[in-house]
Amino acid sequence: MIPDYHSDDFATARLEDTVSLRSAAREARATLYAVLNRLELNDLEGEEQPYIDDCLGALAILEEALR
């Protein structure tokens, strides 16, 4: 069964569910930083800026969720 993170049941998630979500968010953050670094190093012409902006937005969301 796939969890519905938009349902009311999500607000009453068990502690282990929350811990696994935090773990997943940390992994996603690490992946985004790796992609961002690779994009920035190779983007001499500014062509990748939309992707860089998307990564930065996603990172901001994850950082807030991990607080």
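For the structure given in this document, a descriptive report is provided here. Everything numeric in this text was worked out from a predicted model, so none of it was measured. (Residues numbered from 1 in each chain as written. Predicted model: local features only at pLDDT ≥ 70, side-chain atom pairs only at ≥ 80, totals over all residues. Heavy atoms only, no water.)

### Here we look at the overall build of the protein chain
The number of helices and strands found in the protein chain is 2 helices and 0 strands. Looking at the protein chain residue by residue over its 67 residues, the buried ones come to 15%. A fraction of 50% describes how many contacts in the protein chain between residues 6 or more apart in sequence connect residues 24 or more apart. Of the roughly 5,600 Å² that the protein chain leaves accessible, carbon and sulfur atoms contribute 56%. (Helix = DSSP H or I, 4+ residues; strand = E, 2+ residues; numbered from the N terminus. Buried < 20%, exposed > 50% of the residue type's maximum accessible area, 1.4 Å probe, protein only. Contact = heavy atoms within 4.5 Å. Areas by Shrake-Rupley, 256 points an atom, 1.4 Å probe, with all protein chains shown as cover.)

### Details of the nonpolar core
Counting residues in each nonpolar core, the largest one holds 9 residues, listed as Ala-25, Leu-32, Leu-36, Leu-39, Ile-52, Cys-55, Leu-59, Leu-62 and Leu-66. Among the secondary structure elements, those contributing two or more residues to this core are helix H1 (15-42) and helix H2 (49-65). In this structure, Ala-25 is in contact with Leu-62 and Leu-66, ignoring residues within four places of it in sequence. (Core = buried A, V, L, I, M, F, W, Y, C linked by side-chain atoms within 4.5 Å.)

### Some remarks on the side chain of Asp-43
Take Asp-43: it is sitting in the loop between H1 and H2. Buried charged residue Asp-43 carries no salt bridge. Nearest counter-charge: Arg-38, at 13 Å. Here the side chain of Asp-43 touches Gly-46 through a polar contact of 3.0 Å, landing on its backbone nitrogen. Within polar-contact distance, the side chain of Asp-43 engages the backbone nitrogen of Glu-48 at 3.1 Å. Not counting residues up to four positions away in its chain, the partners in contact with Asp-43 are Glu-48, Gln-49 and Ile-52. (Lys, Arg positive; Asp, Glu negative; His and termini not counted. Salt bridge = Lys/Arg side-chain N within 4 Å of Asp/Glu carboxyl O. Polar contact = N/O pair within 3.5 Å; in protein donor to acceptor, adjacent residues only side chain to side chain.)

### Some points on H2
Taking 1.5 Å as the rise per residue, H2 with 17 residues should run 24 Å; its terminal C-alpha atoms sit 24 Å apart, in good agreement. Among the residues of H2, Ile-52, Cys-55, Leu-59 and Leu-62 are the ones counted as buried. Down the axis of H2, the smallest arc covering the buried residues is 85°, so these residues share one side. Among the exposed residues of H2, those oriented more than 90 degrees off its buried face are Asp-54, Ile-61, Glu-64 and Ala-65. (Expected span 1.5 Å × (residues − 1). Arc of directions from axis to C-beta.)

### Examining the environment of Tyr-51
Along the chain, Tyr-51 falls in helix H2. The class for Tyr-51 is exposed, based on a relative accessible area of 51%. Linking Tyr-51 and Glu-40, residues 11 residues apart in sequence, is a C-alpha distance of 9.8 Å.

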